[in-house]
Amino acid sequence: MTRRQSNLLIAAAVWTIYVWISFVVIQTRQNTSVGFKVVHGVLALISICFGIAIGVMGWRARRSAAGAPAVDAPSAPAEAVGSRRV
């Protein structure tokens, strides 16, 4: 996974967690039924867990990409790729 892809996963995780925590805070101040709060609380919990999971995957991929050589850098000259001398 490239550094750009791992950054996208981290950004998606941060956004998901932010949105659902904001939603829960707003809903605690609203006058809605208990069933509504329970259902949306469970949805928020599941979404936050998914956000944490993709954040961890993105963070691990970012750390491993930092130690690895660049993906776009060619490892051999273009003339040598695919040609053999016999």
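Residues numbered from 1 in each chain as written. Predicted model: local features only at pLDDT ≥ 70, side-chain atom pairs only at ≥ 80, totals over all residues. Heavy atoms only, no water.

Engineer: For this particular structure, what's the right way to read the overall build of the chain?
Structural biologist: When helices and strands are tallied, the chain shows two helices and zero strands. Each of the 86 residues in the chain was classed as buried or not, and the buried ones make up 12%. At a minimum sequence separation of 6, the contacts of the chain that also span at least 24 residues come to 77%. (Helix = DSSP H or I, 4+ residues; strand = E, 2+ residues; numbered from the N terminus. Buried < 20%, exposed > 50% of the residue type's maximum accessible area, 1.4 Å probe, protein only. Contact = heavy atoms within 4.5 Å.)

Engineer: Is there a simple way to explain the packing of aromatic side chains in this structure?
Structural biologist: For any pair of aromatic rings, geometry is given as the distance between the ring centres together with the angle between the planes. Considering all chains together, one arrives at two aromatic pairs under this definition. Residues W15 and Y18 carry aromatic rings whose centres are separated by 6.0 Å and whose planes lie at 40° to one another, so their mutual orientation is tilted. One end of the pair is W15 and the other is Y18, both in helix α1 (residues 3-28) and three residues apart, which spans about a single turn. By relative accessible area, W15 is classed as exposed at 56%. Judged by its relative accessible area of 51%, Y18 falls in the exposed class. (Phe/Tyr/Trp six-rings, centres within 6.5 Å; stacked < 30°, edge-to-face > 60°.)

Engineer: For this particular structure, what's the right way to read helix α2 (residues 34-67)?
Structural biologist: A turn of α-helix holds 3.6 residues, and therefore any two residues three or four places apart point the same way. Helix length check: α2, at 34 residues, gives a terminal C-alpha distance of 49 Å against a target of 50 Å (1.5 Å per residue), a fit within 8%. For α2, the full list of buried residues reads A44, S47, I48, G51, G55, G58 and A61. Buried residues in α2 make contact with α1. (Expected span 1.5 Å × (residues − 1).)

Engineer: Please clarify how α1 should be interpreted in this entry.
Structural biologist: Counted at 1.5 Å a residue, the expected span for α1 with its 26 residues is 38 Å, and the 38 Å between its end C-alpha atoms agrees. Taken together, the buried positions of α1 are S6, A13 and Q27.

Engineer: For this particular structure, what's the right way to read the packing of α1 against α2?
Structural biologist: Helix packing geometry: the angle between the two helix axes and the distance between the axes. For the pair α1 and α2, interaxial distance at closest approach is 7 Å and the crossing angle is 160°. One element, α1, and the other, α2, form an angle in the roughly antiparallel class. Two packed elements cross with a definite hand, and for α1 against α2 that hand is left-handed. (Axes fitted to C-alpha atoms, helices over the stretch in contact; angles between N-to-C directions. Parallel < 35°, antiparallel > 145°, perpendicular 65-115°, else oblique. Left-handed = near helix turned anticlockwise from the far one by under 90°.)

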